[in-house]
Amino acid sequence: MKRFHSALCLAYGSTLAAREEFFGTHTPQGGFSCCSAAIHFLSRQKRFNIICRRARRFDRYYRQYARAYLKYCEAELLPRAAETMHTALERSAPWSCARAVLAYRVTLVRGDILSLYTEGREEHLPPRLTLRRAETWDRRTGFLLPLTAFFSPKTAVKKRLVRAARETAREQMETGTAAYYPNYGALLRRAFSSRSFYLADDGLHWFYPMYSVAPAAEGIVDFSLPYGEAGPLLPA
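Right, let's walk through the structure included here. Throughout this document, residue positions are counted from 1 along each chain, in the order its sequence is written. Only residues with pLDDT of at least 70 are given local features in this predicted model, and only at 80 or more are side-chain atom pairs given and counted; all residues enter the totals for whole chains, interfaces and linings. Neither water nor hydrogens contribute to the side-chain values; these are computed over all heavy atoms in the structure.

1. Let's talk about the environment of L187
Working definition: helices are DSSP H or I runs of at least four residues, strands are E runs of at least two. Numbering for both runs from the N terminus. Considering the arrangement of structural elements, one finds L187 in helix α4 (residues 184-190). The spacing of L187 and V213 is 26 residues in sequence and 5.7 Å in space, taken between C-alpha atoms. In this analysis, two residues are considered to be in contact whenever any of their non-hydrogen atoms come within 4.5 Å of each other. Discounting chain neighbours no more than four positions away, the residues touching L187 are Y181, Y208, S212 and V213.

As structure tokens, then:
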């Protein structure tokens, strides 16, 4: 359990570092005259409070996520790790210490947009599993942006992305660069989630959980569309 907790603390600390970088509360420093000191102070204090509210919202979101992940580790992973250890001891077999690591990756920072994803990786705990979730934030307001924010109004977003995913999967199957379940076409539609997306320099990415559309060897299946009139809108 200590290992689970340590991994979470490290990952959460890194996320807080990202919060400080992108929602930083520092203000430019410089001289000002005595007669304008009060106005300057009040203006700076107001800006500070607004930024703090955004930072607290960001902080609270990932604090709750880290706590939920820790509960998952304690309730689900720890008993499995203990069972694996006891089985290895009974059989005098080698045993590797189980680990759960929660980490993050910032994929795009542009204008008022911050996009990132977090991954919880389970090691030495069959079955092999990596859990991913992604968020795209409006740094100006401190709120999450929905997938539809990056498409023109009235766009059938799910239909557009599922069709693109099917085309890519078919090409990958034909060239032998990836493997999918036989009914991958239907699975790509059923397992689609409008929350499973992030932005990057090369376009909009959306992904599917492990085992949902392809064997474990494929991991988390990730598709993308470049920005442009025919695809997602390029963030300002």
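2. Thoughts on the environment of A55
Its place among the elements puts A55 in helix α2 (residues 37-91). Exposed residues in this analysis have more than 50% of their type's maximum accessible area, buried residues have under 20%, and partly exposed residues fall in between, with area computed by a 1.4 Å probe over protein chains only. On the basis of relative accessibility, which here comes to 4%, the residue A55 falls in the buried class. A55 sits 84 residues away from R139 along the chain, and the two C-alpha atoms are 9.3 Å apart.

3. Some points on the side chain of E122
Along the chain, E122 turns up in strand β2 (residues 113-123). What makes E122 buried here is its relative accessible area of 3%. Nitrogen and oxygen atoms within 3.5 Å of one another constitute a polar contact, given that in protein one can donate a hydrogen and the other can accept it, and given that sequence-neighbouring residues count only through two side-chain atoms. There is a polar contact of 2.6 Å between the side chain of E122 and the side chain of Y72. With near-sequence residues (within four places) excluded, E122 lies in contact with Y69, Y72, L77, R80, R99, L129 and L131.

4. Description of the sheet that holds strand β5 (residues 197-200)
Paired strands are those between which DSSP finds at least two bridges. What the three strands build is an open sheet, ordered β5-β6-β7; its pairing is antiparallel. Strands with a single pairing partner mark the edges of an open sheet, and in this sheet they are β5 and β7 (221-225). Strand after strand, the sheet turns through a mean of 30° between neighbouring axes, direction not considered. As paired elements, strand β6 (residues 203-208) and β7 share five bridges and run antiparallel to each other. Within β7, the position partnered with Y208 by the bridge is V221. Lines fitted to the C-alpha atoms define the axes, with helices restricted to the stretch that makes contact. Angles between their N-to-C directions range from 0 to 180 degrees.

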